[in-house]
Structures are given as structure tokens and as C-alpha cells.
Amino acid sequence: MSFKKWTFAPVDKSAAADLMSACEIDGFLAALLHARGVTTPEEANALLLGHEDFEDPYSFADMDAAVERVQRAIDTGEKIAVFGDYDADGVTATVLMVTYLREKGADVFYRIPLREEEGYGLHRSTIEELVEQGARLLITVDNGISSIEEVALANRLGMDVVVTDHHQPQEELPPAVAVVNPHRPDCESAFKHYAGVGVAFKLLCALEGDDEWVLDRYADLVAIGTLADVMPLVGENRRLVRAGIRMINAGARPGIAALAKAAGAAGRPQTASFVVFTIAPRINAAGRMGDPDCAVRLLLAEEPEATELAEQIQQFNVSRQQKESGILAEVMAHIDAHPETMAQRVLVLAGEGWYPGVVGIIAARVMDKYGKPCILLSVNDGVAKGSGRSIEGFSLFDAIASCSDMLLNFGGHQLAAGLGIPADRIDEFRERINAYAASMPDMPVPELRLDFRLPPTQISVDKLEKLQLLEPYGVGNPSPLFALMRMQVTNITGVAGKHTRLSLMRDGAQVAAIRFGTPPQTIGLQCGDVIDLAVTLDRSEYRGVTTVSVNVRDWRFTDTDQDEEIAAARLFDQVMRGESMPNNQRASLAVTRDQAAILYRFLKAAPYTGTWERLHHHLSQSLTAARLRTAAEVLREAGLIEVHDA
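Residues numbered from 1 in each chain as written. Predicted model: local features only at pLDDT ≥ 70, side-chain atom pairs only at ≥ 80, totals over all residues. Heavy atoms only, no water.

Enquirer: What is the right way to read unusual backbone geometry from this model?
Expert: For residues other than glycine, phi is negative in most cases, and the peptide bonds are mostly trans. A cis geometry characterises the amide bond from Glu303 onward to Pro304, with omega recorded as 5°. Topologically, Pro304 is positioned in the loop between helix H13 (293-300) and helix H14 (305-337). Backbone geometry at Glu24 places phi at a positive 55°, although glycine is not the residue there. Following the sequence through the fold, Glu24 ends up in the loop between helix H1 (13-23) and helix H2 (27-35). Note on Glu24: relative accessible area 73%, which makes it exposed. For Asp381, which is not glycine, the phi torsion reads 55° and is therefore positive. With respect to the element layout, Asp381 can be found in the loop between strand E8 (374-380) and strand E9 (383-389). The exposed category is assigned to Asp381, whose relative accessible area is 78%. (Helix = DSSP H or I, 4+ residues; strand = E, 2+ residues; numbered from the N terminus. Buried < 20%, exposed > 50% of the residue type's maximum accessible area, 1.4 Å probe, protein only.)

Right under this line is the structure:
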């Protein structure tokens, strides 16, 4: 994993005390709220009590026209087509719209595009197909805002269109009967962070005239789509997701319950995290690996069909994981063979025949591991199609757009984007996008934002109860992350062969913590080490007894100088790219034979597994962080050591 810069939210103790008094809440909770920018009693009560009001759906531009046209189609029995998308947001929006219209007696059918064969959004052939099937009204969900020519074709062929979407509109809107999108400049809705399923929900609220009626029936679908599409859990989304999680736990929809069972999670309390890591990936897997219609049918199904479809989707998910593992292994093998790759500001990696449906997921993993924007391209028949992920502070969309003249197509936003390019121009694209990145003063560094430093004596079940008041967690309201500082490691044990349990102590207080996914032989710690840890506090229940599970998200030796480590990494990358630099900076990287020998003897004594920063801890008396990297490269080029990224 890349070195992340730890940052702490500023906390005004006096202001937090005022908040504690005004809201009559615990001081720990008041400090946590203040660290997250909640500074007034009104904001605190809204967050803690869940009294978020719903926006009037008619504050959306064109909502009145959308309601009139859809209601007319219901009343007159016109055939309605619902066109969605193959991801979890599009699937849940499709199910939401179709289920409601069927309940109202509408003549409705749906269409989801196939990811690999058709791609995202409407096409001329789709419009012609829907018209041939007799549709007189088309409702788009989670797409349509850019389909100007396709909507115009629908008009000419006698099919009206109502667009519901949450993607950014262009200057020209589709010539539809209604375009319902919170990002329209003339949309008066104060809340803008709806997922595609959230916009569809607002249309149903307007049609029904009763927000609560719609919420009670469809909150689970709205919650899944909102969480899967990584929408901020603020304002109205908090209420939608909170209601949806309750509905999921009640087992109200057979398809969701069957999917949880197929995933081996039946009977467990289901939270927002459960949806993000268990339900949403499996719905997405249907679109990535098979037919997204399978996921739609699952969410519409009753038993026993729901169980059969859930098992089929579980197999899609297993297949997705296998393809991801295979491609990731190829990526890591390429990096091992070409270590200079990692000096680039933006990583652009390509492979013949990589499965296009999973390259975005792998790009995210590579980005997280190395702390750099990453684009993965799958090459087939002379064309490379791919997907990229970025870090906060670097707009991947803008970077790709700077190379638009060589691209077949592209789209996305700051942190995620997709593109197509002729395969023979990949090297040129890599150079161009890195030149764009080089024009920035400094590439941003991944940050780990912590709420505050928590004394080990304050870890208790009571604190868990306070933290529950902040749920659901997600983007805009992440799980609280605390720092345990200057903790001494007193014991290290393995768990199930792939996790590590740490016993820690400070000032007489003992803490047991677990690091998932890292076995003891690779964690790089020994008893007696003094470390700082970034942790979450989670609930663990066994035989009716609740305890606190301290989960380690990151750790570092207490004496780590993060600014030195960041500067060293940047300077070394600059050298590996062959860029010029001032003489004093170049001198700071130079190593003597004796200094290289110090590293060689250390590594010869025992193979080292860990990060550069942790290796520097062991050798900081002899080598600076920058010289350590140079010494390792000298030894690698001499064939004396191997450097692998696990």
C-alpha cells in the first residue's frame, strides 16, 4: 500500500463543549461531530436524529411535465419502456420504476444494455428496437442526459421520452418531453447528490404525491443504488439509506435476502458497509460478467426463483474475482520486470485480451497500492478500451481530455474515467498524459484523514453506542478513524493464516487490534516496537457478549517523519524519470559504497517484507529516506537484490 499522509481534523475544544451542552450529548460525540464540520445544534440534531426533510419533487425542472406524461401513459394503457444501465445504480433504478408502474397497472417493459456488446446509454438501434416493440413512452433511468440525437430520433418515430438522470448535463439538453436532473442549471432542488435511483425515486414521489408511501416500499432499492454509486451520505441521502438498511434487515425483498444468503451472510446485521462490499459488487458482477437482466429479475423475483438467480449471480461474482486475480498478477509481473514504470506520475498499463469489465476495479487497486492515478487498457483487435481511477486533487477526466485528439471516445469525472484509443497510440498517450501531469506544481499525495487522537483508555463498548448514532457511513460521512499514538507492541499472533492480531500497551492500558489481510510474516513488526495506528472501532458479538473490535487501517513507526518520506519518494521518482534537478537535490540522493553495503548486509541477514518507510526506520541512523532508495536501486541494478511489489 502506498504511503499516505496522515491529516487530523482541527477540533476546537471550547466549541465542542458548547455543542455538547446545547445538544445534551456526550463529549466524545461532540468532539467527533465538530471534527467533521458539524458546528451548530441544528446540524447536530439533524445528523443524529435523522430528521432530514425531503425536497419537494416539484422543485426539479420539468417534473410537472414528467408527471403529466407518465400519468397519461398509465391512464390510457400506452406501452411504456424503461431503459436503465448495467451497474447497480441503473439496475435498482430500473427495478424501482418498473415495480411502481406495474403496481399502478401500467403496460411496461424494461431494457438494460449489455456492457460489452452495446456499452453505456441509448443508441439509435435501441430506439428503433423499442419502437418496434410498441413503446409509446420511454423513461430513462440513470442515463439519457447526453442522448440528444437518440431522443430526437425517438420523437421522429413517434415515441415520447422522459429522461431521469444524475450525470452532468451538456449545454444542450435532449429534446425530451421532460428532462429531470438535479444538475440542470434551472433545477431549484437544493439537494444535488442523488444517484440515478434517487432521481427516479423523486419522480415516483411526485407521481404518488406521498413521499412516505414511496419510501416504505422502495427504500431498499434506493439505498443500494445510492451506496453502490458512491453518493455522499449527507442530507436526504442519509434518510434514504437509513430507511433502506432497515428494510433490508427486515428481509422485505426476497431477491436481496437470497443474495445475502448466497454470499454466506444470511442472519448477519446488514449495514451500509454490507451493501457496499457484499450486495452491490454482486449486482455489478451480473453486468460485468454476464447479463444484467439477471440482476433485474433477481430484484423483481419471489421465491424460489430468487434463490436460483442469487446463486447464478454468486457464480458471476466468483468469475469476476478470478479474472481480477489473473489480470492483477499480470500487472504486478509487469511492474516487477519494469520497475521504472512506477516512477511515472500517471500509471498507464495495457494488456492483450484483458477482460474489459474488470479493468476499472483493478485500476482502483493499483491506484490505492501505489498512490498514483492509474489507467488500465485492454487491447483487442487493434483497439484499447480501458478505465482509470485517480486520487483526490488530480482530475483524471481533465487529464484524459487533454489527449482527446488521439482518443476514440472518453468520459467520466475527476476520480474515475473511461476511454478508447487505437492500440498503436498507447505509448504516445502515456507520454502525453504524463506531460499533462508534469505541468502541475506537484502531484497530490494520498491522504488518510483521521478524526482525532484517541487515548487507549477510552476504547469501550459505550463508545460504540455513541458511534452508532452517526450511521449510516459512506462517502461524506466515513466510518470514524482514530489514531492510537505511541503504542508498544507486546505480542504478535496470526489469525487464520492471513491476518495478524496485535497486543498493544501504553500507560498501563492494553489494547488488542487486528490487521486483516496481512499475515505476521509480512507485517514488518516485532515485539517492543513503538508504533502509531489508524484504527476503526467496530462491534463484535460472540455468544451474546458485545466487545470492541479495533481494526487497523494503517500503521507506522512513531518516529516516522512523513514529510521526509514523501519528499524522498518524489525526488527518487524524478531521478528515475531522468529529469534535471538542482545539484543540492542530486547530492542528497548520492550514496557511497559503504552506505550501499549497510543496506546489503541488512537484507542479507533476513529477507525484508514491508514498505520503504518501514525499512527506513531500521536504517535511519545510517541512511536518509532518499539515499535508502538510491542504495536499493544500485544493488538491484547490480543484480545483488531483487525488489518485488507484493
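So that's the structure; there's more coming.
Enquirer: What should I look at first to understand helix H7 (residues 148-156) in this one?
Expert: Note that an α-helix has 3.6 residues per turn; residues three or four places apart therefore point the same way. Within the span of H7, buried status applies to Ile148, Glu150, Val151, Leu153 and Ala154. Lining the buried residues of H7 we find helix H6 (124-132) and strand E5 (160-164). Gly158 lies just past H7 and shows a positive phi near 90°. (Contact = heavy atoms within 4.5 Å.)

Enquirer: Got a minute to help me understand the environment of Gly27 in this structure?
Expert: Within the secondary structure layout, Gly27 lies in helix H2. Note on Gly27: relative accessible area 30%, which makes it partly exposed. The spacing of Gly27 and Lys13 is 14 residues in sequence and 9.5 Å in space, taken between C-alpha atoms.

Enquirer: Would you explain the nonpolar core in this entry?
Expert: The nonpolar side chains of soluble globular proteins are, as a tendency, buried together. Counting residues in hydrophobic clusters, the biggest one holds 104 residues, and the most contacted among them are Ile80, Met97, Leu101, Phe201, Ile283 and Leu376. Once residues lying within four places of it in the same chain are set aside, the contact partners of Leu101 are Val70, Ile74, Ile80, Val82, Ala106, Val108 and Ile139. Within the second largest apolar cluster, 38 residues are counted, among which are Leu47, Val535, Leu537 and Phe557. (Core = buried A, V, L, I, M, F, W, Y, C linked by side-chain atoms within 4.5 Å.)

Enquirer: Even after reading the chapter, I still don't get the packing of aromatic side chains, so can you show me in this structure?
Expert: We describe a pair of aromatic rings using the distance from one ring centre to the other and the angle between the two ring planes. Under the definition given, this model contains 13 aromatic pairs. One aromatic cluster in this structure is built from Phe28, Phe452 and Phe482. Sitting over the face of the ring of Tyr370, Lys369 holds its NZ or CZ atom 5.6 Å from the ring centroid. A cation sits over an aromatic face here: Arg614 above Trp555, 3.8 Å from the ring centre. (Phe/Tyr/Trp six-rings, centres within 6.5 Å; stacked < 30°, edge-to-face > 60°. Lys NZ or Arg CZ within 6 Å of the ring centre and 35° of its normal.)

Enquirer: Got a minute to help me understand the sheet that holds strand E3 (residues 107-111) in this structure?
Expert: The strands making up a sheet associate through hydrogen bonds between their backbones, and the pairing can be parallel or antiparallel. As summarised here, the arrangement of the five strands in space is E3-E2-E4-E5-E6, forming an open sheet in which the pairing is parallel. The open sheet has two free edges, formed respectively by E3 and strand E6 (178-180), since each of these has just one partner strand. Looking at each pair of strands side by side, their axes are set apart by 20° on average, direction ignored. As judged from the four bridges shared by strand E2 (residues 79-83) and strand E4 (residues 137-141), these two strands associate in the parallel manner. Counted as the bridge partner of Ala81 is Leu138 from E4. (Pairing = 2+ DSSP bridges. Axes fitted to C-alpha atoms, helices over the stretch in contact; angles between N-to-C directions.)

Enquirer: Can you help me understand the sheet that holds E9 in this one?
Expert: Taken in spatial order, the five strands of this open sheet run E7-E8-E9-E11-E10, and their pairing is mixed. The open sheet is flanked by strand E7 (347-352) and strand E10 (409-412), the only strands paired with a single partner. When strand polarity is set aside, the average angle formed by the axes of neighbouring strands in this sheet is 15°. Where E10 meets strand E11 (residues 416-422), four bridges bridge the pair, whose relative direction is antiparallel.

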